[in-house]
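One-letter residues, chain by chain:
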Amino acid sequence: MTFCRTLANLLLTGTVALATSAHAAGITVHDARNRDVTVADFARTVSIGGAITEILYALGLESRLVGVDTTSLYPAAALHDKPNVGYMRQISAEGVLGLNPTLILAIQGSGPRETMDLLETAKVPLVLVPETFSEDGLLEKIKLVGHAMGVDARAECLSSAVGADLAQLRALRAKVTKPVRVMFVMSLQNGRATVAGHKTAADEIIQLAGAANAIDDYDGYKVIGDEAIVAAKPDVVLSIERGKDSLQADAVYAHPGFALTPVAANKGFITMDGLYLLGFGPRTAAAARDLSVKLYPALADGGAFTSALSAANCRQ
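Below you will find a few notes about this structure. (Residues numbered from 1 in each chain as written. Predicted model: local features only at pLDDT ≥ 70, side-chain atom pairs only at ≥ 80, totals over all residues. Heavy atoms only, no water.)

## Some details on the pairing of strand S5 (residues 103-107)
And then number 1: Burial runs high along S5: 5 of the 5 residues are buried.
And then number 2: Residues Leu103, Leu105 and Ile107 point to one face of S5 and Ile104 and Ala106 to the other, with burial holding for every one of them.
And then number 3: When S5 meets strand S6 (residues 126-129), the two strands line up parallel, connected through 4 bridges. Considered in S6, the bridge of Ile107 is made with Val129.
And then number 4: At this point the chain moves from S5, through helix H5 (residues 113-120), to the parallel S6, and the crossover so formed is right-handed. (Buried < 20%, exposed > 50% of the residue type's maximum accessible area, 1.4 Å probe, protein only. Helix = DSSP H or I, 4+ residues; strand = E, 2+ residues; numbered from the N terminus. Pairing = 2+ DSSP bridges. Right-handed = clockwise from strand over helix to strand, strands pointing away.)

Pasting the structure below:
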């Protein structure tokens, strides 16, 4: 019995030694810049991007976080408990480096460019996480973040749960026979609407929900006038909740352009939480399902959306 215990201890010690050695050698991450980044220490991580922060919490890694950005709105504990390094597109290098990070995880598109250049030269591993608005892109984002943090098994658990939710969403989407035309409006200022075209989070979430983007002739966001709004013939306007700056339904219905579209006739206006709707984090399938049911109320009778994510425990 003593011999067995001794052998077991030796095997355990060897395993720990191997794990420590592997950690000391560093983890290689291929990031959005098409570069290989070596991560040797993830004990003090700064997260720039709400989806990254949400993934880290879902993986049970919040104790390693020493700072987050202002888009890290979920869970609420993130901004409440962690130092705030500012808005992801207006990051200060001094604010990030002042937290003595051993790793910086930043979503693609973070900036400004000058700050990102400074962070790259600071000899702190900077992993730029790809932002690809697609089902595969979401799953790869989860796996990359998990790999950078040395928790591949947890990341596989989380991506599998999110993948199962996306499969449920595809089954729901298959029931749509006539896609609703949706226009995502970011803002409506001085009578001109800023709307989303292709290759945007809004475009992808609209498609995931089984609808069609009413803007189909350009990529990115663009300010358009009344004639373009009328020509797009949207059935529904989709926007995000922004507190006192939120777009209001009455303003949309009274707008000269939207007044001549089915939006005004149908009273088709939907707002949702911004990070939930556009963040492309673990809850994206649920957000698309909620949008789908708002667009197609009859789908709500098709049975409950049983989230595999809510049932999964990928934190250990």
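Alright, that's what it looks like, and here's the rest.
## Some remarks on the state of the cysteines
And then number 1: Evaluation of the coordinates by the stated rule reveals 1 disulfide.
And then number 2: Here Cys157 pairs with Cys314 through a disulfide, and the sulfurs are 2.0 Å apart. Sign of the S-S torsion, about -70° for the bond between Cys157 and Cys314, identifies this disulfide as left-handed. In this pair, Cys157 sits in helix H7 (residues 152-173) while Cys314 sits in the segment after helix H14 (308-311), placing the two residues 157 residues apart along the sequence.
And then number 3: A relative accessible area of 4% means that Cys314 is categorised as buried. (Disulfide = S-S within 2.5 Å.)

## Notes on the sheet that holds strand S4 (residues 65-68)
And then number 1: Reading across the sheet, the 4 strands line up as S4-S3-S5-S6 and stay open at both edges, with parallel pairing between neighbours. Where the open sheet ends on each side, the last strands, each with one partner, are S4 and S6. Recorded for the sheet is a direction-independent mean angle of 20° between the axes of neighbouring strands.
And then number 2: Sheet topology note: the strand S3 (residues 45-48)/S5 ladder contains 4 bridges and is parallel. Directly across from Thr45, in S5, lies its bridge partner Leu103.
And then number 3: Set on the sheet, H5 makes contact with S5 and S6; between it and S6 the angle comes to about 135°. (Axes fitted to C-alpha atoms, helices over the stretch in contact; angles between N-to-C directions. Contact = heavy atoms within 4.5 Å.)

## Focus: the pattern of salt bridges
And then number 1: This structure, assessed with the given rule, holds 12 salt bridges.
And then number 2: Close ionic contact of Asp31 with Arg33 constitutes a salt bridge, the shortest N to O distance being 2.6 Å.
And then number 3: Lys244 serves as the salt-bridge partner of Asp245, at 3.7 Å between the closest nitrogen and oxygen.
And then number 4: Classification of Asp245 by relative accessible area gives exposed; the value is 54%. (Salt bridge = Lys/Arg side-chain N within 4 Å of Asp/Glu carboxyl O.)

## Details of the nonpolar core
Most often, soluble globular proteins have nonpolar side chains that are buried together.
And then number 1: Counting 79 residues, the largest nonpolar core has Ile48, Leu105, Val127, Phe184, Leu277, Leu291 and Leu295 as the members making the most contacts within it.
And then number 2: At 6 residues, helix H6 (residues 135-148) tops the list of elements feeding residues into this core.
And then number 3: Excluding residues within four positions of it along the chain, Ile48 makes contact with Asp69, Val85, Met88, Ile91, Val96, Ile104, Leu105, Ala106, Ile107 and Ser110. (Core = buried A, V, L, I, M, F, W, Y, C linked by side-chain atoms within 4.5 Å.)

## A short note on the packing of helix H2 (residues 50-58) against H6
And then number 1: Contact geometry of H2 with H6 gives a least axis separation of 10 Å together with a crossing angle of 65°. Along this stretch, H2 crosses H6, giving a crossing that reads as right-handed. In contact with Ala51, Ile52, Ile55 and Leu56 of H2, H6 contributes Lys141, Ile142 and Val145.
And then number 2: Class assignment for the residues of the contact of H2 with H6 results in 6 nonpolar, no polar and 1 charged. (Left-handed = near helix turned anticlockwise from the far one by under 90°. Nonpolar A, V, L, I, M, F, W, Y, C, P; charged D, E, K, R; others polar.)

## Notes on the packing of aromatic side chains
And then number 1: Across all of its chains, the model carries 2 aromatic pairs by this definition.
And then number 2: When the ring of Phe133 is compared with that of Phe280, the centres are 5.4 Å apart and the planes differ by 65°; the resulting orientation is edge-to-face. Placement of the pair is Phe133 in the loop between S6 and H6 and Phe280 in the loop between helix H12 (274-278) and helix H13 (284-295), with a sequence separation of 147 residues.
And then number 3: Note on Phe184 and Tyr221: the rings are 6.4 Å apart at their centroids and 70° apart in plane angle, and the pair reads as edge-to-face. Of this pair, Phe184 sits in strand S7 (residues 181-189) while Tyr221 is found in strand S10 (residues 221-224), placing the two residues 37 residues apart along the sequence.
And then number 4: Judged by its relative accessible area of 38%, Tyr221 is partly exposed. (Phe/Tyr/Trp six-rings, centres within 6.5 Å; stacked < 30°, edge-to-face > 60°.)

By themselves, these are just geometric observations and shouldn't be taken as functional.
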